[in-house]
Each structure stands twice: as structure tokens, then as C-alpha cells.
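What follows is the residue order along each chain.
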Amino acid sequence: MTTTTSVQPPRAAAPRSIRPLAGVLGAMAISLTGTRVSAIALPWFVLATTGSATMTGVVAFVEMTPYVLVKALAGPVIDRLGPRVVSWTTDAASAVAAGLIPLLHGLGLLPFWLLLALVGLVGAVRGPGDLAKEVMVPDAADRARIPLERATGLAGVTERLASTVGPAVGGGLIALLGPMAGLTVNAVAFALGSVVIGLALPRGMGRAAAAPEPAGGSGRAEAQPGYWQMFREGFAFLRSEPLMLTVIVMIGVTNLLDAGFMTVLVPVWAQESGGGPAAIGLTGSAWGIAAVCGSLIAAAVAHRLPRRTVFFAGFLLCGAPRFLVLALDVPMGVVLAVFAVGGFGSGFLNPILGAMTFERVPRHLLGRVGALGDSLAWAGIPLGGLLAGTAVALSGLIPVLFVCGGLYFATTALAGLRPEWRDMDRRRGHGPAPEPAPESAAVPASGPASGPAPGSELTSAPAEPARPTVAV
């Protein structure tokens, strides 16, 4: 497949500005913290009002399924309208839908079917909103004139901090004021995130690289392609990138295992070991604090490190050891040490993957490629808890922990043997060049990745991205 990539001239005359990056990271921090608070408050509310763990699982499934599906289809819309517009409008819609839950409950007008509808709506609009913020990271890095690894590392720090602070805030609010207070905070956070994006970011943010001009150089504006043509372009580019496909498949498997671990295996272990909720909080805190430290170091030095080595070392630390230590009868101090080491390793994953994705994907394709990659990488998350719960019911906790730990190690080890991983350390930027160029030039490329732009990275998410993100 041969394409022509238009090399975009840099903003040579534009002064350096950190305001766009601060705005994107600030909006991420606000909305993610609200989401993490809701992740504690909503299940507690369902349990308190229905007394059913099954209903609680249904609510989680109803939120995450539209999140993944709508995110997969949102890429062309983000590329056409611009990520700034999509971000603030979807955050505003999320604020309205999330705010209706405590309002209607307070009025006695919230039957369970309506709760499901509102939760599904929040999930559906949150997916494009999260992706839109990630798509703006490389443009923000260009405006701040910092390396992509540093920008995506800061985004990783933001996500890790939200994942550490949000549950603590949510737990405190529930204890003091009840779950409706947490859901109200979630709605307010979405509203504030929308305001930050609307006020702090310049118009056109995230659209620094327009679609390539026609090969003839006529300069005439072409009619924009239709939605499905744009969708097919993103899919075609993704198919042409063996490294990205390998990353997405690997992260898809690890995200499924992570979802089952966090939602089922850790709570069951805490119950059976006698540690109770305190043990869940301790392990989560050890992981989260260490992950923040790892992300901070990645933000500072990841652009100087060999990506492939650091990436697989991070997965070796954060993957199988967590499962195995819970399967063994060891003191809590050992468990916390293993979780802390794993969290530290996980802090390096998304910065590396995000930077790699932003470099390999042309800017005008970031939305649609990121949407497809993220959705495929997250596709197993809604099923992770269901599968883990069924396996524990059939076989018991210890065998499931050993099997899942073995699958985690095998997935990352076998994927690492594939030859395309050698491309991870080859930086191939599609974004603005670091030094001013005298003129734009059309460069024929053998494959869509040639030429001189995930983060959230080709990001391992779950993180978590215009990239597949790792969710750990």
C-alpha cells in the first residue's frame, strides 16, 4: 500500500506555550478523578438500593459496553470536527446525564431501567471525550516544545494520580454523605472539564496537521470524505502497521486479565484471606503511589531510554507477579512490596506506547486510528469480571490466580518474540519537525508510516489514548 504524506511545516514563528498542555492535562485530571469517584459511588449505590451483586455487575457492563463501541466509531467524527469541540461537548453531555442520577433519585423518580439508560449514556459519550483529550496531547507537546515521551508521561502521571486520589475521595464521600454525593461530584467534574477545555485551549487545538493535499499540488480544497470512507482509511492504516496490531492484541488480552483481577480476584482474595476492604485499599494504594513515581520518572527520562527493553521490563514487573503473590500464603508486607514494584513498572508503559503511536500515526488519522486501537484493546474489559467470577465459582480462587498469572506471562513473552517489536525503537514522527523547514514537500512513502507523529500513546492502557491503552 503506497501513500503520499504531506510533511507539515512547524510553527516556527509561534512562541512556546505550555497553556494548551496544562489545559489538556487539567481537564484529564478533573474528569478522570470524577470518573474514579463514580466507580466507587455507583456500585455502592446499586448494592445499597438493590442488594444484588448481579445488578451491580449489570450496571458496570451497561456502562463499559457503549463506552467501547461508541469510542470505536467516534474516530472519523473527532478527525472531522476536531478533538477540542468533541471533548467539551461530550463532557457537557456527560455532566447532564450524570447529574440527572442524583437529581431523579432525590425526587423519587429513578427506576432501575432509567438508571441503566443514564449510565449507558454516560459511558457512550465518555468514550469519545476521553479519546479527544488524548488526541490533543501531541499538538500540546508541539506547542510546549517538549518530547512526546515527556508529554505522554505527564498524561500518565495525571491518570495515575486520578486513579489514586479518586477512590480515596469517593470512599470518604460515601462514608460521610452517602453515594449520591460521589455521583454529584462526578457530574460537577465533567462540567468543570468541559469549561477548562473550552477556555484554556485555542480553537483548532489538535488539528495542527490537516489531511494531505492532493498529489498535483493544485492547492484547491478537496471535498471531505464521508464518514465510512474515513473509517476505512483508519482501518486500512491500522492493518498496514504490524507493530501496532501486535501491541493491540497483546494489550487486549492483558486488559481482560487485569479487569478480572481488579474486579473479582482481588476482592475474593481479600475476603478469603481475612484482610477485608482494608487489604484492597492497601494494595491499591501501594500500586497507585508507585505507578505515579514510575510515570514521573518516565516523563523525565523515557525519551532517552531504549523503548523495547523498558516496555517488556515494565510488563514483567507489573504482570504475572501480582497474580502469583496472591496465590501464595505470604505476609501482607510481601504482597504490598510486589504490588509496589508492579505499579512502578506499569508507570512506564503508557508513556512509551503513547509516544510511539503519536509518532507512527499521521496527525490527520489520529482520531480514527486511536478510536479503533483503543476499542480493540479495551474490548475484553467488560467481560473480564464476568469470566473471572465464573472461573472462581467453578475452580476456586487459587487455581484461577495461577492460570491467569501464567496467561499474562505467556502473552507478553510470546508477543515479545515477534520480529516487528524491533520497530519500537525506530522513531518515525508524523508531527512537526523539530527545526523549521523552508517549505512543505510531498514525500512518497512505502507504507503509510513513512515520513517525518500513542500517549494517551500507541498506549497500553487500560489508560488507560490515541493509542491502545493499558488498563492496569
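Refer to the structure printed above.
Below: a short report on this structure. Fair warning: this is a prediction, and the values are worked out from it, not measured in the lab.

## Notes on the pattern of salt bridges
Right, on to step 1. Evaluated as defined, the whole model comprises five salt bridges.
Right, on to step 2. Put simply, E63 and R126 hold a salt bridge, and the shortest N to O gap is 3.6 Å. Here E63, found in helix α2 (residues 53–73), pairs with R126, found in helix α5 (residues 112–135); they are 63 residues apart in sequence, far enough to count as distant.
Right, on to step 3. Residue R126 is classed as buried on the basis of its relative accessible area, which comes to 9%.

## What about the side chain of T283?
Right, on to step 1. With respect to the helices and strands, T283 occurs in helix α11 (residues 276–301).
Right, on to step 2. A relative accessible area of 2% places T283 in the buried class.
Right, on to step 3. Leaving out residues up to four positions away in the same chain, T283 has contacts with V266, W269, V335, L336 and F339.

## Looking at the environment of L154
Right, on to step 1. Its place among the elements puts L154 in helix α7 (residues 148–177).
Right, on to step 2. Looking at L154, the relative accessible area reads 29%, which means it is partly exposed.
Right, on to step 3. Put simply, L154 and A22 are 132 residues apart on the chain and 9.9 Å apart in space, counted from C-alpha to C-alpha.
Right, on to step 4. Apart from the residues lying within four places of it in its own chain, the contact partners of L154 are L21, L25 and A299.

## Points about the packing of aromatic side chains
Right, on to step 1. Inspection of every chain in the model, using the stated rule, returns eight aromatic pairs.
Right, on to step 2. Relative to F323, the ring of F261 lies with its centre 4.6 Å away and its plane at 55°, an arrangement referred to as tilted. You can see F261 sitting in helix α10 (residues 242–273) and its partner F323 sitting in helix α13 (residues 320–327), a full 62 residues away along the chain.
Right, on to step 3. A relative accessible area of 2% means that F261 is categorised as buried.
Right, on to step 4. Relative to Y408, the ring of F315 has its centre 6.3 Å away and its plane inclined at 50°; by these criteria the two rings are tilted. Here the residue F315 occupies a position in helix α12 (residues 307–318), and Y408 occupies one in helix α18 (residues 397–416), the gap between them amounting to 93 residues. For the residue pair F315 and Y408, the accessibility class agrees, reading buried in each case.

Procedures and definitions
The residue numbers shown here count from 1 along each chain, following its written sequence. With the structure being a predicted model, the display of local features is reserved for residues of pLDDT at least 70 and the display and counting of side-chain atom pairs for 80 or more, all residues being used for whole-chain, interface and lining totals. The basis for the side-chain values is all heavy atoms of the structure; hydrogens and waters are excluded. Any carboxyl oxygen of Asp or Glu that lies within 4 Å of a side-chain nitrogen of Lys or Arg is treated as forming a salt bridge with it. Counting from the N terminus, the helices are DSSP H or I runs at least four residues long and the strands are E runs at least two residues long. Only protein chains enter the calculation, and the probe is 1.4 Å; a residue is then buried if its accessible area is under 20% of its type maximum, exposed if over 50%, and partly exposed in between. Two residues form a contact once any of their heavy atoms are found within 4.5 Å. Each aromatic pair joins two rings of Phe, Tyr and Trp (for Trp, the six-membered one) with centres within 6.5 Å, and gets the label stacked for planes under 30 degrees apart, edge-to-face for over 60, and tilted for any other angle.

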